[in-house]
Each structure stands twice: as C-alpha cells, then as structure tokens.
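# Residue-level structure breakdown
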Amino acid sequence: MNRPTARILVACLILLLAWGSIACAGPQQPAPTSPAPTTAAQPDGAALLQARCTRCHTLDRVQQAPRTASEWQTVVARMRSKGAQRNDAEAEALVQHLARTFGK
Ligand code: HEC
C-alpha cells in the first residue's frame, strides 16, 4: 500500500466514523414525557397547604369562607407578602387546590 492510498483510507475511515455518530444521534427521539411536563412538575396543593399555610394560623382561617379561584389568588399573594414560603409553581398548585376544595 503506498502512502496516498493509506491517507485516503484513513480519511474515509474518519468520515465513516463521523457519519456514523451523526446517523446514530440523528433519529434519537427525546425520551417520551408522559404525563405532560407541567402536570409532572406540578407540586401537590394539598400537601403545600398543610406545610406552608399552617405556620401562622390554623386551616380554619382557610376553610371558613369559600372563595373563587381569583379570590384565592389574591389571598395566596397576600400570604406570600406576609412571609408564606413558596415559588410560583407552588402558588399555582395552591390556588388550584384551594379553588377546588374551598371554592364557590
Ligand atoms: C407568615 C404568616 C402567614 C402564613 C405563612 C400564611 N398566612 Fe394566612 N394569614 C396571616 C395573617 C397575619 C392573617 C390575618 C390578616 C389578614 O387576613 O391579612 C391571615 C389570614 C388568612 C386568611 C383570611 C383572610 C381573609 O380575608 O379573611 C386566609 C384565607 C389565609 N390567611 C390563607 C392562607 C393560606 C392559603 C396560606 C398559605 C399560602 C397562608 N394563609 C399562610 C398570616 C399568614
């Protein structure tokens, strides 16, 4: 085998390897995500209520008056400003849980 032929062979090999790795990576689908990512990441509203909303008062405070979802949103935002610890996703889960459980 003379040298130019060897070089061409090596070049072909490299090309093949490169193509091979692209071809292998190409058709790969992202792992199926079920259920939908939003519901998977959705925190548990009932657990959050117990954990975050009983520090300063009992849940009587929560149960005594039914509220609409938007009214719960206002309450949850106000409790947050008082120091209730939670992020936006948790707030959303809380509002949904409250509206479902103590809604009107
Ligand atoms: C840092 C203390 C604190 C935390 C934590 C807290 N609250 Fe409160 N909450 C208060 C205080 C103080 C009041 C009474 C004053 C007021 O209503 O603004 C109150 C009142 C309420 C009321 C009655 C409001 C009304 O208009 O009658 C509801 C309902 C309520 N809280 C729900 C919640 C919920 C839901 C959570 C969890 C997200 C929560 N609270 C967490 C301090 C807190």
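Being a predicted model, the structure only gives us computed values, none of them experimental. (Residues numbered from 1 in each chain as written. Predicted model: local features only at pLDDT ≥ 70, side-chain atom pairs only at ≥ 80, totals over all residues.)

## Some points on the overall build of the chain
For the chain, the helix and strand inventory stands at six helices and zero strands. Of the regular secondary structure in the chain, the N- to C-terminal order runs α-α-α-α-α-α. For the chain, restricting intrachain contacts to residue pairs at least 6 apart in sequence, the fraction spanning at least 24 positions comes to 78%. (Helix = DSSP H or I, 4+ residues; strand = E, 2+ residues; numbered from the N terminus. Contact = placed C-beta atoms within 7 Å.)

## Focus: the packing of helix α3 (residues 45–52) against helix α6 (residues 88–101)
Between α3 and α6, the least distance of the axes is 8 Å, while the angle of their chain directions is 105°. Classified by the interaxial angle, the pair formed by α3 and α6 is roughly perpendicular. Across the interface between the two elements, Gly-45, Ala-46, Leu-48 and Leu-49 from α3 touch Glu-90, Ala-93, Leu-94, Gln-96 and His-97 from α6. (Axes fitted to C-alpha atoms, helices over the stretch in contact; angles between N-to-C directions. Parallel < 35°, antiparallel > 145°, perpendicular 65-115°, else oblique.)

## Some details on the site of the ligand
With respect to spatial proximity, 15 residues lie near the ligand, and among them Cys-53, Cys-56, Met-79, Gly-83 and Ala-84 are the closest. For the shell around the ligand, the element with the most residues is helix α5 (residues 69–82), which contributes five residues. Counted by class, the shell around the ligand contains eight nonpolar, two polar and five charged residues. (Near = placed C-beta within 6 Å. Nonpolar A, V, L, I, M, F, W, Y, C, P; charged D, E, K, R; others polar.)

## Details of the confidence of the model for the chain
Averaged over all residues, the pLDDT of the chain is 80; the fraction at 70 or higher stands at 64%. The element-level mean pLDDT for the chain is lowest in helix α2 (residues 37–41), coming to 54, with α5 highest at 96. (pLDDT = per-residue confidence, 0-100.)

## Some thoughts on α6
Spanning 14 residues, α6 covers 20 Å between terminal C-alpha atoms, matching the ideal 20 Å at 1.5 Å per step. Looking at the buried residues of α6, the elements they touch are α3 and α5. (Expected span 1.5 Å × (residues − 1).)

## A closer look at the packing of α5 against α6
Two elements in contact, α5 and α6, have axes separated by 9 Å at closest approach and are oriented at 135°. Overall, the two elements α5 and α6 adopt an arrangement that is oblique. Crossing geometry of α5 relative to α6 is assigned as right-handed. Here Ala-69, Trp-72, Gln-73, Val-76 and Arg-80 of α5 come into contact with α6, specifically with Ala-91, Leu-94, Val-95, Leu-98 and Ala-99. By residue class, the composition of the contact of α5 with α6 is eight nonpolar, one polar and one charged. (Left-handed = near helix turned anticlockwise from the far one by under 90°.)

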